[in-house]
Amino acid sequence: MGKKKRKKRKLKRRQGATAGLAAAADRHECYQKSVQSPQADLDFFCARFAERRSRQPRSLREDFCGTAYLSSHWLRGGAERTALAVDLDPETLAWGELHNLRPDIAERIELRCADVRSISSPKVDLACAMNFSFCVFKQRADLRRYFDAVAEGLADDGVFVCELYGGTEAIVEIEESREVEDFTFTWEQAKYNPITNETLCHIHFTFEDGSRIDKAFTYDWRLWSIPEVRELLEEAGFRSVDVYWEAVDEDGDGTGEHHLSTEEQNQEGWLVLIVAAK
Ligand SMILES: C[S@@+](CC[C@H](N)C(=O)[O-])C[C@H]1O[C@@H](n2cnc3c(N)ncnc32)[C@H](O)[C@@H]1O
């Protein structure tokens, strides 16, 4: 195949991504609808915090916050609540500020455009890293540095929650789709390197007229194991690190319910919330 032909094909695909319903859709809105459940996450955080500390948390640090969707729900849950939302990407933060932060909550949040590893103040009760975001750190020393910053940025009785995925299919190059409202969400595991455990994944959105936002989001991650994360959290000074396993239904789909666990059978796909307390 000549170079010219290849170029033409590429151009066609790009046009497809910006036509029809896809052109009018907002990738951040589609993302929030597809992969975020802020209220369920917050209920989990508050329950785990209260079990350990006999009080309710008042301040949240949302690392890798993206559009600060979780923080916006947190702030709506009580007038005494404050949030620090941290992300490297100014465009995503600006979108969140415009769409998620009503004036009545905007004054109780600080949006910080920064590397999460550089943040250790103000000290907060709760910190979180959802949707596997910390997997962006590929070297042990980098992940340790991040967990050190989290530990330093927590109050003396602070609690950190992070989310991790794995399973026999996590290392397979596959695409999985599901319907979300009026579009289809597709998760593509495009590449996996067994020597480094690095994986390259994409999110695509397809609309009813067949138009598509191709590679709406791309993630270049290292797949960490639960014991690796646990050991690094302990090294960073967390006194307890507990694993909450997400239950699955008869089709193997996650139910959104997590239970404290120390032994499970491997699954095609699993998801855990790791709770680390100082
Ligand atoms: C998977 S999204 C998470 C969005 C949202 N918080 C969620 O739970 O779905 C990952 C986000 O992490 C941000 N990010 C990546 N590396 C970062 C770093 N070192 N410090 C701060 N933010 C980072 C990206 O800009 C992106 O918005």
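This text follows the structure it describes.
A quick note: this is a predicted structure, and the numbers were derived from the prediction, not measured. (Residues numbered from 1 in each chain as written. Predicted model: local features only at pLDDT ≥ 70, side-chain atom pairs only at ≥ 80, totals over all residues. Heavy atoms only, no water.)

(A) Spatial organisation of the overall build of the chain. Scanning the chain from N- to C-terminus turns up nine helices and 12 strands. Computed over its C-alpha atoms, the radius of gyration of the chain comes to 20 Å, within 12% of the 19 Å expected for a compact globule of 278 residues. Dimensions of the chain, computed from the C-alpha atoms along their principal axes, are close to 65 × 45 × 40 Å. For the chain, with 278 residues in total, the buried portion stands at 47%. (Helix = DSSP H or I, 4+ residues; strand = E, 2+ residues; numbered from the N terminus. Rg over C-alpha atoms; globule rule 2.2 N^0.38 Å. Buried < 20%, exposed > 50% of the residue type's maximum accessible area, 1.4 Å probe, protein only.)

(B) Molecular detail of the site of the ligand. Surveying the vicinity of the ligand reveals 18 residues, the closest of which are Y31, F64, D87, V116 and N131. For the ligand, an oxygen atom lies 2.6 Å from a polar atom in the side chain of D87. With respect to the ligand, the backbone of L88 contributes an N or O atom lying 3.2 Å from a nitrogen atom. In the complex, the protein chains occlude 86% of the 590 Å² of accessible area that the ligand would expose alone. Here the shell around the ligand is composed, by residue class, of 10 nonpolar, four polar and four charged. (Near = heavy atom within 4 Å. Polar contact = N/O pair within 3.5 Å; in protein donor to acceptor, adjacent residues only side chain to side chain. Areas by Shrake-Rupley, 256 points an atom, 1.4 Å probe, with all protein chains shown as cover. Nonpolar A, V, L, I, M, F, W, Y, C, P; charged D, E, K, R; others polar.)

(C) Region of interest: the environment of E234. Tracing the backbone through its elements, the reader meets E234 in helix α9 (residues 226–235). Each C-alpha atom of the pair E234 and D156 lies 15 Å from the other, and the pair is 78 residues apart in sequence.

(D) Representation of the side chain of R48 within the structure. Summarising the element assignment, R48 is placed in helix α4 (residues 38–53). In this structure, R48 is in contact with Y244 and V275, ignoring residues within four places of it in sequence. (Contact = heavy atoms within 4.5 Å.)

(E) Representation of the sheet that holds strand β1 (residues 59–63) in the model. Pairing is mixed across the open sheet formed by eight strands, whose spatial order is β3-β2-β1-β4-β5-β12-β10-β11. At either end of the open sheet lies a strand with only one pairing partner, and these are β3 (109–113) and β11 (254–260). Adjacent strand axes in the sheet meet at a mean angle of 20 degrees when their direction is disregarded. Bridge analysis of β1 against strand β2 (residues 82–87) gives five bridges, and the strand direction is parallel. Along β2, the bridge assignment pairs D63 with V86. (Pairing = 2+ DSSP bridges. Axes fitted to C-alpha atoms, helices over the stretch in contact; angles between N-to-C directions.)

(F) Structural detail: the side chain of T92. You can see T92 is positioned in helix α6 (residues 90–100). According to the relative accessible area criterion, T92 is buried, its value standing at 10%.

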